[in-house]
Amino acid sequence: MAAMLKLENVSHAYLGGQGTALAVEDVNLDVLPGEFVSLVGPSGCGKTTILNMLAGLFPPSRGLVLLDGKPVQGPNVRVGYMLQQDYLFPWRTIKSNSMIGFEIRGEQTRDAESKVLELLAELGLDGSADRYPHELSGGMRQRVSLVRTLAGDPDVLLLDEPFSALDMHIKLQLEELVWQTLRKRGKTAVLVTHDLQEAAAMSDKVVVLAANPGRVERVVTVPESIRQAGPEAARKLSDFEQLVEQLWTQVAGKEPDPAGGAANGQ
Ligand code: ADP
Ligand code: MG
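Model, not experiment: these values are computed from the prediction.

Thresholds applied
Residues numbered from 1 in each chain as written. Chains lettered and ligands numbered in written order. Predicted model: local features only at pLDDT ≥ 70, side-chain atom pairs only at ≥ 80, totals over all residues. Heavy atoms only, no water. Helix = DSSP H or I, 4+ residues; strand = E, 2+ residues; numbered from the N terminus. Rg over C-alpha atoms; globule rule 2.2 N^0.38 Å. Buried < 20%, exposed > 50% of the residue type's maximum accessible area, 1.4 Å probe, protein only. Contact = heavy atoms within 4.5 Å. Lys, Arg positive; Asp, Glu negative; His and termini not counted. Charge placed at Lys NZ, Arg CZ, Asp CG, Glu CD. UniProt positions renumbered as here; feature names shortened; annotations may be inferred. Pairing = 2+ DSSP bridges. Axes fitted to C-alpha atoms, helices over the stretch in contact; angles between N-to-C directions. Core = buried A, V, L, I, M, F, W, Y, C linked by side-chain atoms within 4.5 Å. Domains from an automatic or database assignment. Phe/Tyr/Trp six-rings, centres within 6.5 Å; stacked < 30°, edge-to-face > 60°.

Draft legend 1. Main features of the overall build of the chain. Counting secondary structure elements, the chain contains ten helices and ten strands. Here the chain has a C-alpha radius of gyration of 19 Å; the compact-globule value for 266 residues is 18 Å, and the two agree. Each of the three principal axes of the chain carries a C-alpha extent, and together these read 60 × 45 × 40 Å. Counting across all 266 residues of the chain, residues that qualify as buried make up 46%. A fraction of 67% describes how many contacts in the chain between residues 6 or more apart in sequence connect residues 24 or more apart. Within the chain, one finds 26 positive and 34 negative side-chain charges whose respective centroids are separated by 3 Å.

Draft legend 2. Structural detail: the UniProt feature "domain: ABC transporter" (unreviewed entry) in the chain. Here the UniProt feature "domain: ABC transporter" (unreviewed entry) sits at residues 5-236. Note that residues 5-236 is 34% helix and 28% strand, and that its end C-alpha atoms are spaced 31 Å apart.

Draft legend 3. Summary view of the sheet that holds strand β2 (residues 19-31). One open sheet accounts for four strands, arranged β2-β1-β4-β5; its pairing is antiparallel. Both outer strands of the open sheet, β2 and β5 (70-71), are each paired with one neighbouring strand and no more. With five bridges joining them, strand β1 (residues 5-16) and strand β4 (residues 62-67) adopt antiparallel strand pairing. Paired with E8 across the strands is L64, a residue of β4. Helix-sheet contacts for helix α1 (residues 47-54) involve β1, β2 and β4, and the interaxial angle to β1 is about 115 degrees.

Draft legend 4. Spotlight on the environment of P133. Mapped onto the secondary structure, P133 falls in the loop between α4 (110-122) and α5 (138-151). Residue P133 is classed as buried on the basis of its relative accessible area, which comes to 2%. C-alpha of P133 to C-alpha of E25: the two residues are 108 residues apart in sequence and 39 Å apart in space. Beyond its immediate chain neighbours, meaning those up to four positions away, P133 contacts L88, F89, P90, R92, I94, N97 and R141.

Draft legend 5. Looking closely at the nonpolar core. Counting residues in hydrophobic clusters, the biggest one holds 31 residues, and the most contacted among them are F36, L159 and L182. Among the elements of the structure, α4, α5, β7 (156-160), α6 (168-185) and β8 (188-192) are those that each provide at least two residues to this core. Broken down by element, the residue count for this core peaks at six residues, all from α5. Structurally, this core is a two-domain feature, drawing no fewer than three residues from each of domain 1 (1-78 + 167-257) and domain 2 (88-153). Excluding residues within four positions of it along the chain, F36 makes contact with L159, W179, L182, A189, L191, M202, S203, D204 and K205. Residues L5, A23, V27 and L39 belong to the second largest nonpolar core, which totals 26 residues.

Draft legend 6. Representation of the packing of aromatic side chains. By the definition in use, this model includes two aromatic pairs. Geometrically, the ring pair formed by Y14 and F58 is edge-to-face, given 6.0 Å between the ring centres and 70 degrees between the ring planes. Within this pair, whereas Y14 is found in strand β1, its partner F58 is found in the loop between α1 and β4, the two being separated by 44 residues in sequence. On the accessibility criterion, F58 (22% relative accessible area) is partly exposed.

Here's what the structure looks like:
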């Protein structure tokens, strides 16, 4: 199957006062249509940089970023981006916030509006369409943010730590809701998270990155039983802890390095 998203030998350096700093070095990544991929790794290993390049916010210094086989040349309506902060406009109602994508594209049709109202209902927000962001809990606001991202019907969703500011039980609920919603629609997703359990519970594969410079350390394929289960059920499966353990070992860099390099042998 051809990749929906592809990074080919991608490196990125930021220009700064002290010269250039290499944030990401020679990253290769394939995300298949409908696949859910997580990026994990220490702070500063280039997770957000990679998502931003996938979103077309800036081009890589070197290498290729491809969406459905074509070079990404800027933001694309086929790619939605959801962040940790919800960036809802406080002076707009939930419905009006959810309509922003259509508004920007001059597509505020009745169809668009009913689609947004349907999505709000599906995500349990039907009673909140005319309320304002400050009247909603953090979890509800993130659901609005998801509605807004899904409203334009993107093929790909990029999610940068969308659950990390939430209380544990709300976070678990949202993981399940997001997973179910994306899977039902066959969306392709790339999630950045520092929560290895979350990555294990939601993903088809987990890309472990290393820092300085950011690079792919390993790609862990999630066992079929866990992939099929959905996050809540996945956490209860017998091989789940083992998967989390495996990710933990790799992120912590405790595995013996086959090249005989930086292993610390703990
Ligand atoms: P992560 O999301 O994994 O924490 P980032 O992609 O944000 O990592 O950052 C990767 C590296 O690039 C870090 O060393 C960070 O300091 C640097 N960096 C990120 N954004 C910028 C920027 N706008 N200008 C300069 N350096 C940046
Ligand atoms: Mg980041």
